[in-house]
Amino acid sequence: MADNYLGKRQEDYEKRKAEWIRKQKHLGKKTTHVTPPQKPDDEAL
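Small disclaimer: the values here were computed from a predicted structure and weren't measured. (Residues numbered from 1 in each chain as written. Predicted model: local features only at pLDDT ≥ 70, side-chain atom pairs only at ≥ 80, totals over all residues. Heavy atoms only, no water.)

Engineer: Just to check I follow, could you spell out the pattern of salt bridges for this structure?
Structural biologist: Two side chains with opposite charge may pair up if their charged atoms get near one another. If you walk through the whole model with that rule in mind, you get two salt bridges. Across the pair Asp-12 and Lys-8 runs a salt bridge, and its minimum N-O distance is 3.6 Å. Here Asp-12 pairs with Lys-8, and both are found in helix α1 (residues 2-27), just four residues apart, close to one helical turn. Across the pair Glu-19 and Lys-23 runs a salt bridge whose closest N-O atoms are separated by 3.5 Å. Here Glu-19 pairs with Lys-23, and both are found in helix α1, just four residues apart, close to one helical turn. Here Glu-19 falls in the partly exposed class, since its relative accessible area comes to 39%. We classify Lys-23 as partly exposed; its relative accessible area is 45%. (Salt bridge = Lys/Arg side-chain N within 4 Å of Asp/Glu carboxyl O. Helix = DSSP H or I, 4+ residues; strand = E, 2+ residues; numbered from the N terminus. Buried < 20%, exposed > 50% of the residue type's maximum accessible area, 1.4 Å probe, protein only.)

Spelled out as C-alpha coordinates, the structure:
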(Lines give C-alpha, C1' and ligand atoms only; values in the text may rest on other atoms or scores of the structure.)
Protein backbone atom coordinates (compact mmCIF):
# COMPACT_ATOMS: atom_id res chain seq x y z
CA MET A 1 0.00 0.00 0.00
CA ALA A 2 2.73 2.48 0.92
CA ASP A 3 4.75 1.58 -2.16
CA ASN A 4 1.81 2.38 -4.42
CA TYR A 5 1.33 5.76 -2.72
CA LEU A 6 5.00 6.69 -3.06
CA GLY A 7 5.08 5.46 -6.64
CA LYS A 8 2.11 7.66 -7.55
CA ARG A 9 3.72 10.68 -5.89
CA GLN A 10 6.96 10.02 -7.77
CA GLU A 11 5.09 9.83 -11.10
CA ASP A 12 3.26 13.09 -10.39
CA TYR A 13 6.55 14.77 -9.50
CA GLU A 14 8.25 13.55 -12.68
CA LYS A 15 5.35 14.85 -14.81
CA ARG A 16 5.43 18.28 -13.17
CA LYS A 17 9.21 18.44 -13.46
CA ALA A 18 9.16 17.53 -17.17
CA GLU A 19 6.49 20.17 -17.86
CA TRP A 20 8.48 22.81 -15.94
CA ILE A 21 11.68 21.99 -17.85
CA ARG A 22 9.82 22.12 -21.17
CA LYS A 23 8.43 25.57 -20.31
CA GLN A 24 11.87 26.83 -19.24
CA LYS A 25 13.43 25.74 -22.53
CA HIS A 26 10.61 27.37 -24.49
CA LEU A 27 10.92 30.74 -22.73
CA GLY A 28 14.65 31.16 -23.24
CA LYS A 29 16.98 33.29 -21.20
CA LYS A 30 16.28 36.88 -20.30
CA THR A 31 19.11 39.16 -21.37
CA THR A 32 19.96 42.60 -20.10
CA HIS A 33 22.07 45.22 -21.80
CA VAL A 34 24.89 46.55 -19.62
CA THR A 35 26.43 49.86 -20.60
CA PRO A 36 30.03 50.60 -19.60
CA PRO A 37 30.53 53.57 -17.28
CA GLN A 38 31.01 56.81 -19.19
CA LYS A 39 34.26 58.71 -18.84
CA PRO A 40 34.23 62.50 -18.63
CA ASP A 41 35.33 64.35 -21.78
CA ASP A 42 38.10 66.27 -20.00
CA GLU A 43 40.60 63.94 -18.33
CA ALA A 44 43.29 66.49 -17.49
CA LEU A 45 45.31 65.08 -14.64
